[in-house]
Amino acid sequence: YLLVASVPYLNSQREIKRGTLVSKITLAGDRTAPADDHVIFFIGEFPCDVEGNPIQGIAHSSADQTLDNGLVINHSFSNKPPDRMFYDYHEKITSYVNIISSHAQAVDPAVTAKTFKVVESEDPEIVFQYFDTNSSRAEINMISSKLEGLKIAIIGLGGTGSYVLDLVAKTSVKEIHLYDKDTFLQHNAFRAPGATPKNKLDEQPKKVIYLHGIYSNIHKYVIPHEEHLNFSNIDQISDMNFVFICIDTSEEKKLIMEELLARNISFIDVGIGVEEIDGALIGSARITTCTPEKNDHIKTRVSFSDAGDDLYGQNIQIAELNALNAALAVIKWKKIYGVYHDQEKEHNSSYEISINKIINDESIT
C-alpha cells in the first residue's frame, strides 16, 4: 500500500484535521506499474466542505476495515477523470488531495499536504540519521557515493577543523574520527560553525565532545577522541583513508605527517597566517595536499616552527578565514576522490587576502 499522511481536510464541525490517504499499489520490479484502480481509502473522519457537509462525488463506503497488520482504514472514496483511469499514482494521489484539501484551504490558505516530513534512516549501513534528499534532489547520488566507506580523521577541532567537520559530516563517509584534548572555550565559539549557547560554555566541554553532540545529529559515526596524537597513540590513524591536519605547527604535526607518509595515507594540512599592517589585517589561507603520487614538497610548504608574532597564533577571531580554509581543503579532498574534476592537480594552494587571489602550486604534470 501507498500511504500519504497529513492530508488536511474539514470535518463536520468545520475544524481542520489531517488524515491519511491509502492506495493499493501495483509494482513492476522496483518501479510502480500504471494505476489500475481509481478507488482510494482514507484514515480519518469523512471530509466535508466549507458548510460542514460531506464532500459530494467521492463517497464510496464508510466502515472500518483492516487492510494489513496495524493498517485500519475508515472510508473509501471513488472518483476518477472522465472516460479513463488515472495515468499513474502521482495523478491519483494529487487528484484526491486537491479535492479533499481545497475546502480546508478555503478556511486556512496556509494548510498543505506538502509537509516535508523527515524520513529517518533505520538501516545501519546508511551513515546518516535521515536520508540524504539533497543528493537525490540534485540527482548526484552516484557522484556523492564515491565517498562511501572512507574512514576520515580530523586532527585539531579549533576554527578550521570544526568547519572541516561541518562539511565532512554531510558526506557519506563511513566514519569521522575527531582528535583534540582541548576544552571548548569562549574564544572558540567565535570561530566555529553555528552559535554556541552560553550554558554550553559554562559547562566547558571538551571540543570533540561538544562537536560530537552537534554533528552526530546528522551523521551516525562521528567518533570523538579526547586526546592529542603523539608517540604513544599515533597508530590510531594507521587505518584511515584520509586525514585533515588542522593543528598549529609543532613536533606532533611532524610526527603525524611522518606516520601518514610512511603508510601512504593521503592528507591535507591547513594553515592561516595573518598580520597587521597600517591598521588592517593581511595574510593568507593555505592548504597543502600530500598523496602517494606527490609528497616531496611537504618540507618546503609546511613549517614546523612556532607561530611567533603571527596574529592568528594569538587567537584572533577570523571565522571567515577558518571557513574558507576548511572549504578549500574539503573541495580538494573531494577532487582526489573524483567528486569534482581536478584539472590542475595542484598539491598546494594559497588564498591571498589583499589581492583576493588563489595561487596554485606543486601540480602533478
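Calculation notes
Residues numbered from 1 in each chain as written. Predicted model: local features only at pLDDT ≥ 70, side-chain atom pairs only at ≥ 80, totals over all residues. Heavy atoms only, no water. Salt bridge = Lys/Arg side-chain N within 4 Å of Asp/Glu carboxyl O. Buried < 20%, exposed > 50% of the residue type's maximum accessible area, 1.4 Å probe, protein only. Helix = DSSP H or I, 4+ residues; strand = E, 2+ residues; numbered from the N terminus. Phe/Tyr/Trp six-rings, centres within 6.5 Å; stacked < 30°, edge-to-face > 60°. Lys NZ or Arg CZ within 6 Å of the ring centre and 35° of its normal. Polar contact = N/O pair within 3.5 Å; in protein donor to acceptor, adjacent residues only side chain to side chain. Pairing = 2+ DSSP bridges. Axes fitted to C-alpha atoms, helices over the stretch in contact; angles between N-to-C directions. Contact = heavy atoms within 4.5 Å. Expected span 1.5 Å × (residues − 1). Core = buried A, V, L, I, M, F, W, Y, C linked by side-chain atoms within 4.5 Å.

With the rule as written, the count across this model stands at 17 salt bridges. Put simply, E91 and R84 hold a salt bridge, and the shortest N to O gap is 2.7 Å. Note on R84: relative accessible area 26%, which makes it partly exposed. Ionic pairing is found between K294 and E362, a salt bridge with its closest N-O pair at 3.2 Å. Taken as a pair, K294 in the loop between β13 (280-290) and α9 (298-301) and E362 in the segment after β15 (357-361) lie far apart in primary sequence, 68 residues in all. Taken together, the shared-partner salt bridges in this structure form one network comprising K294, D296, R301, D361 and E362.

All chains considered together, the criterion is met by 10 aromatic pairs. Where F86 meets Y96, the ring centres are 6.1 Å apart and the plane angle is 55°; that geometry is what we call tilted. Here F86 is found in the loop between β7 (71-78) and α1 (89-107), whereas its partner Y96 is found in helix α1, with 10 residues between them in sequence. Judged by relative accessible area, which is 1%, Y96 ranks as buried. Feature note: the residues Y9, F42, F46 and F77 constitute an aromatic cluster, connected by ring pairs. Lying across the ring of Y87, R84 places its NZ or CZ 3.8 Å from the centre.

Looking at the secondary structure, you find E175 in strand β9 (residues 175-179). There is a polar contact of 2.7 Å between the side chain of E175 and the side chain of H177.

Ordered by their spatial adjacency, 8 strands build an open sheet running β10-β9-β8-β11-β12-β13-β14-β15, and the pairing between neighbours is mixed. Strands with a single pairing partner mark the edges of an open sheet, and in this sheet they are β10 (222-225) and β15. Across the sheet, the axes of successive neighbouring strands diverge by a mean angle of 15°, strand direction being ignored. Along the sheet face, helix α8 (residues 251-262) touches β8 (151-155), β11 (242-245) and β12 (266-277) and points at about 150° away from the line of β12.

The end-to-end C-alpha distance of α8, which contains 12 residues, comes to 17 Å, matching closely the 16 Å that a straight helix rising 1.5 Å per residue would cover. Among the residues of α8, K253, L255, I256, M257, E259 and L260 are the ones counted as buried. Contacts from the buried residues of α8 go to β8, β11, β12 and α9. Just downstream of α8, N264 is the residue with a positive phi angle, here 55°.

With that settled, the discussion passes to the nonpolar core. Core analysis: the largest hydrophobic core is formed by 44 residues, its most contacted members being I154, L165, V168, I176, F244 and W333. Counting only elements with at least two residues in this core, the list comes to β8, α4 (159-168), β9, α7 (207-215), β11, β12, β13 and α10 (319-336). If you tally residues by element for this core, the top one is α10, at 7 residues. Beyond its immediate sequence surroundings of up to four residues, F244 is in contact with I152, A153, I154, I155, V164, V168, I268, A329, V330 and W333. Membership of the second largest hydrophobic core comes to 18 residues, among which are I237, M240, I298 and V302.

With that settled, the discussion passes to the environment of F128. By secondary structure assignment, the location of F128 is in the loop between α1 and α2 (133-138). Sequence-wise, F128 and P205 are 77 residues apart; in three dimensions their C-alpha atoms are separated by 25 Å.

All right, on to the sheet that holds strand β2 (residues 16-23) then. Spatial ordering of the open sheet is given by β1-β2-β5-β7-β6, a layout of 5 strands whose pairing is antiparallel. The open sheet has two edge strands with one neighbour each: β1 (2-10) and β6 (59-68). Strand-to-strand twist of the sheet, defined as the mean angle between neighbouring strand axes without regard to direction, takes the value 35°. Alignment of β6 against β7, held across 6 bridges, turns out to be antiparallel. Counterpart to Q65 in the pairing with β7 is I73. Contacts between α1 and the sheet are confined to β1, β2, β5 (39-43) and β7, with β1 contributing the most and set at about 20° to the helix.

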